[in-house]
Each structure stands twice: as C-alpha cells, then as structure tokens.
Amino acid sequence: MDTRAATALAGQIENVAEFCRRRQISRVTFYKWRRRFDAQGWDGLLQERSRRPVSCPSATDAAVVQAVIKCRVELAAAGLDHGPQSIVWTLQRREVAVPSRATVARILSRFGLIMAQPQKRPKSATKRFCFSRPNECWQSDWTQWNLADGHRRGYRRLA
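Residues numbered from 1 in each chain as written. Predicted model: local features only at pLDDT ≥ 70, side-chain atom pairs only at ≥ 80, totals over all residues. Heavy atoms only, no water.

## What about the side chain of Arg-72?
- Secondary-structure assignment places Arg-72 in helix H4 (residues 62-77).
- Buried and unpaired, Arg-72 has Asp-81 as its nearest opposite-charge partner, separated by 7.3 Å.
- At a separation of 2.7 Å, a polar atom in the side chain of Arg-72 contacts the main-chain carbonyl oxygen of His-82.
- When residues no more than four places from it in sequence are discounted, the contact partners of Arg-72 are His-82, Gly-83, Ile-87, Leu-108, Leu-113 and Ile-114. (Helix = DSSP H or I, 4+ residues; strand = E, 2+ residues; numbered from the N terminus. Buried < 20%, exposed > 50% of the residue type's maximum accessible area, 1.4 Å probe, protein only. Lys, Arg positive; Asp, Glu negative; His and termini not counted. Salt bridge = Lys/Arg side-chain N within 4 Å of Asp/Glu carboxyl O. Polar contact = N/O pair within 3.5 Å; in protein donor to acceptor, adjacent residues only side chain to side chain. Contact = heavy atoms within 4.5 Å.)

What follows is the structure, encoded as structure tokens:
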C-alpha cells in the first residue's frame, strides 16, 4: 500500500511515531498528508504538488528588469557599449532604481542577451598552480623598509 494512502487511512493508528518509523517518513510529513486528505480527499493527497516557493521577496522588480532590457537594446542600437557596467551607468544617469552590476549581468544572462566569449578569458585562467612533487616550486616573500636613520631593515619568509 502506498505510504500516503496508509497515512490517510491511519485514523485508527495508536502509535503515530511507530507507524512513521516503519514507513520511514517524518511525523511532520504524516500530519501534513493527513491534513491534505481531510481537506481535499484522495485527489489532494495523491496529487504531486510543486515545491516552488509562492513568492521570492529578494527577486528583482519586473519594472527594473524591463528597464535593464530596454536600456541594453537602446545602447546596442546606438552602437555603444552595452555591457552590464554601461547599463548601470546609463540607468544611473536617467535616475532609475539601479541594481548592482552583477544583478544586471544575471538579468541579461537569464534572457539570453549575453553571448559567451571564451577567447576573452585570460590565458592564466587555463593554467593551474600545482606541481607533481613536493618542494618542486618555492615561493618567497620579501619585505623591506627604511628606518629613520637611513638603515634598511627587512625579513624574508619562505613559503
């Protein structure tokens, strides 16, 4: 028998904790399913529900998203730089509520307005700083300063 159906029919269960242990569900889930069955019957109990939150209070306002997209299109049509930082500067000049540069980049990426350009990646991004043997590479840090009487002092730390 399905665990949800057993939960619905569990009106005569004496020990809920033992029932939940045997079925490997939490008591919170047990009571949630029982409430659904009492309120909506079999349809409410057996139907899968979305786990998506009802709202997202930290989401960017739709008006700001539209302003960012509109600004991107206008800058591109004018032949100007239309990257995230340029959009932020343009919207600041227009005195519009402006999100951060990273938020603008996420908005543009979400709507498919940013094209990946791997050729712009720095060459160092493909090289790892690791070696095959211990002590194969040494790094030293030098610090030096001048004293008031003209002498130089410093120390060396090997890493």
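## Regarding the packing of aromatic side chains
- Tallied over the entire structure, the rule returns 2 aromatic pairs.
- Ring plane angle 65 degrees and centroid distance 5.6 Å describe the contact between Phe-19 and Phe-30, whose orientation is recorded as edge-to-face. Taken together, the positions of Phe-19 in helix H2 (residues 16-23) and Phe-30 in helix H3 (residues 27-46) put the pair 11 residues apart, joining distant regions of the chain. For the pair shown, Phe-19 and Phe-30 are each scored as buried.
- When the centroid spacing of 5.0 Å and the interplanar angle of 85 degrees are considered together, the rings of Phe-30 and Tyr-31 count as edge-to-face.
- Judged by relative accessible area, Phe-30 falls into the buried class, the value being 0%.
- Using a relative accessible area of 37% as the deciding quantity, one classes Tyr-31 as partly exposed.
- Feature note: the residues Phe-19, Phe-30 and Tyr-31 constitute an aromatic cluster, connected by ring pairs. (Phe/Tyr/Trp six-rings, centres within 6.5 Å; stacked < 30°, edge-to-face > 60°.)

## Quick notes on the packing of helix H5 (residues 84-93) against helix H6 (residues 101-110)
- Where H5 contacts H6, the axes come no closer than 8 Å and their chain directions differ by 115 degrees. Relative to H6, H5 is oriented roughly perpendicular. Of the two elements, H5 crosses H6, and the hand of that crossing is right-handed. For the pair formed by H5 and H6, the contact residues are Pro-84, Gln-85, Ile-87 and Val-88 on the first element and Arg-101, Val-104, Ala-105 and Leu-108 on the second. (Axes fitted to C-alpha atoms, helices over the stretch in contact; angles between N-to-C directions. Parallel < 35°, antiparallel > 145°, perpendicular 65-115°, else oblique. Left-handed = near helix turned anticlockwise from the far one by under 90°.)

## Examining the pattern of salt bridges
- Tallied over the full model, the rule gives 3 salt bridges.
- Taking the shortest distance from any N to any O, the salt bridge between Arg-21 and Glu-18 comes out at 3.2 Å. Highlighted residues: Arg-21 and Glu-18, both in helix H2, separated by 3 residues, approximately one helical turn.
- For Arg-21, a relative accessible area of 56% gives the class exposed.

## Here we look at unusual backbone geometry
- Within the chain, Gln-24 stands out as a residue other than glycine whose phi angle is a positive 55 degrees.
- Relative to the helices and strands, Gln-24 is located in the loop between H2 and H3.
- Positive phi, normally seen in glycine, also occurs at Glu-95, with a value near 60 degrees.
- Overall, Glu-95 belongs to the exposed group, its relative accessible area being 74%.

## Considering the packing of H4 against H5
- Between H4 and H5, the least distance of the axes is 10 Å, while the angle of their chain directions is 105 degrees. Accordingly, the angle class assigned to the pair H4 and H5 is roughly perpendicular. Residues Ala-67, Val-68, Cys-71, Arg-72 and Leu-75 of H4 pack against Ser-86, Ile-87, Thr-90 and Leu-91 of H5.
- Among the residues making up the contact of H4 with H5, the classes are represented as 6 nonpolar, 2 polar and 1 charged. (Nonpolar A, V, L, I, M, F, W, Y, C, P; charged D, E, K, R; others polar.)

## Description of a positive patch on the surface
- A contiguous patch of positive charge on the surface is contributed by Lys-32, Arg-35, Arg-49 and Arg-51.
- For Arg-35, the location among the structural elements is in helix H3.
- Among the residues examined, Arg-35 registers a relative accessible area of 54% and is labelled exposed. (Patch = residues over 30% accessible without salt bridge, like charges linked within 9 Å, V, L, I, M, F, W, Y side chains within 5 Å. Areas by Shrake-Rupley, 256 points an atom, 1.4 Å probe, with all protein chains shown as cover. Charge placed at Lys NZ, Arg CZ, Asp CG, Glu CD.)

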